[in-house]
Amino acid sequence: GMFEDSNVFRFDIENGGQAVMLTNNVGVGAAAANVLNIESLTISADGNHVAYGQRRGTASTVTTPENVFHLNLTGNVVTQCSTSNPLGQTITDGSIRFVGGATPNGLVWSLGTGAATTVSVTNAIVQYAALGSSTPYTISAPPAGTRLYQVIGTH
């Protein structure tokens, strides 16, 4: 079978109507490892921003990079917020959060093992990027020990 890239759509669930595609991923491949997948989609409290992780393939591996993207719905502008690591990286599933209250000003996420809500500290760091910025800042390096880290309560 053939697989197609994942995309983000918007539609009015209360009134119906045509869905509008907000991203423009158009790849097609013979295997799930060749197409883009969107993970951990989150919407800001004000409804004007969407953030998500995007990786090639369906497996959480450290051999290909997964990155964080921000979509400003008022201008339909997509910005990659994370720095792509050519050696591979994964975003902890569910860790992408908007920060700054009802009107967000940034995003936080943790790098670590994908497809997990908590990750070993040896794999996890937390990064922050201002909305619309492609320059992330590491705000928490991996501490020593066997503790676990999870991003919660950022709204």
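Residues numbered from 1 in each chain as written. Predicted model: local features only at pLDDT ≥ 70, side-chain atom pairs only at ≥ 80, totals over all residues. Heavy atoms only, no water.

For the rest of this paragraph, the subject is the overall build of the protein. On a plain count of helices and strands, the protein comes out with 0 helices and 14 strands. Along the chain direction, N to C, the helices and strands of the protein fall in the order β-β-β-β-β-β-β-β-β-β-β-β-β-β. Counting over 155 residues, the protein shows a buried share of 39%. If you sum the accessible surface of the protein, you get close to 8,200 Å²; carbon and sulfur atoms cover 54% of it. (Helix = DSSP H or I, 4+ residues; strand = E, 2+ residues; numbered from the N terminus. Buried < 20%, exposed > 50% of the residue type's maximum accessible area, 1.4 Å probe, protein only. Areas by Shrake-Rupley, 256 points an atom, 1.4 Å probe, with all protein chains shown as cover.)

For the rest of this paragraph, the subject is the nonpolar core. Of all hydrophobic cores here, the largest spans 11 residues; its members are A51, V68, C81, I91, I96, F98, L107, W109, L111, I125 and A129. Looking at this core, the elements that each hand over two or more residues are β10 (106–111) and β12 (125–130). Residue contributions to this core peak at 3 residues, all from β10. Formed by 8 residues, the second largest nonpolar core is a distinct cluster that contains V8, V50, L71 and L73. (Core = buried A, V, L, I, M, F, W, Y, C linked by side-chain atoms within 4.5 Å.)

A few words now on the pairing of strand β7 (residues 67–72). Side chains on a regular strand alternate between the two faces of the sheet. Most of β7 sits out of view: 5 of its 6 residues are buried. Looking at chain direction, strand β6 (residues 49–56) and β7 are connected through 6 bridges and run antiparallel. In the strand pairing of β7, G53 is matched with V68. Of the strand pairs in this sheet, β7 and strand β8 (residues 77–80) are connected by 4 bridges, and their pairing is antiparallel. Residue pairing across strands places N72 opposite V77, the latter belonging to β8. (Pairing = 2+ DSSP bridges.)

So, on to the sheet that holds β8. Pairing in this open sheet of 4 strands is antiparallel, and the strands run β5-β6-β7-β8 from one edge to the other. This sheet does not close on itself; its edge strands, each paired only once, are β5 (36–43) and β8. Pairs of neighbouring strands in the sheet enclose a mean axial angle of 25 degrees, with direction left out of account. (Axes fitted to C-alpha atoms, helices over the stretch in contact; angles between N-to-C directions.)

The strand order across the open sheet formed by 4 strands is β9-β10-β12-β13, and the pairing between neighbours is antiparallel. The sheet terminates laterally at β9 (97–99) and β13 (137–140), the two strands that pair on one side only. Taking each pair of neighbouring strands and ignoring which way they run, the sheet shows an average axis angle of 35 degrees. Alignment of β12 against β13, held across 3 bridges, turns out to be antiparallel. Each bridged residue has a counterpart across the sheet, and for Q127 the counterpart in β13 is T138.

Here the focus is the confidence of the model for the protein. Considering every residue of the protein, the mean pLDDT works out to 81; 79% of them sit at 70 or more. When the criterion is pLDDT under 50, residues 115–122 qualifies, and its contacts beyond four places in sequence or with other chains add up to 22 contacts. (pLDDT = per-residue confidence, 0-100. Contact = heavy atoms within 4.5 Å.)

The topology assignment puts N72 in strand β7. Relative accessible area serves as the criterion here: at 22%, N72 is assigned to the partly exposed category. Once you skip the residues sitting within four places of it in the chain, N72 turns out to touch N48, H49 and V77.

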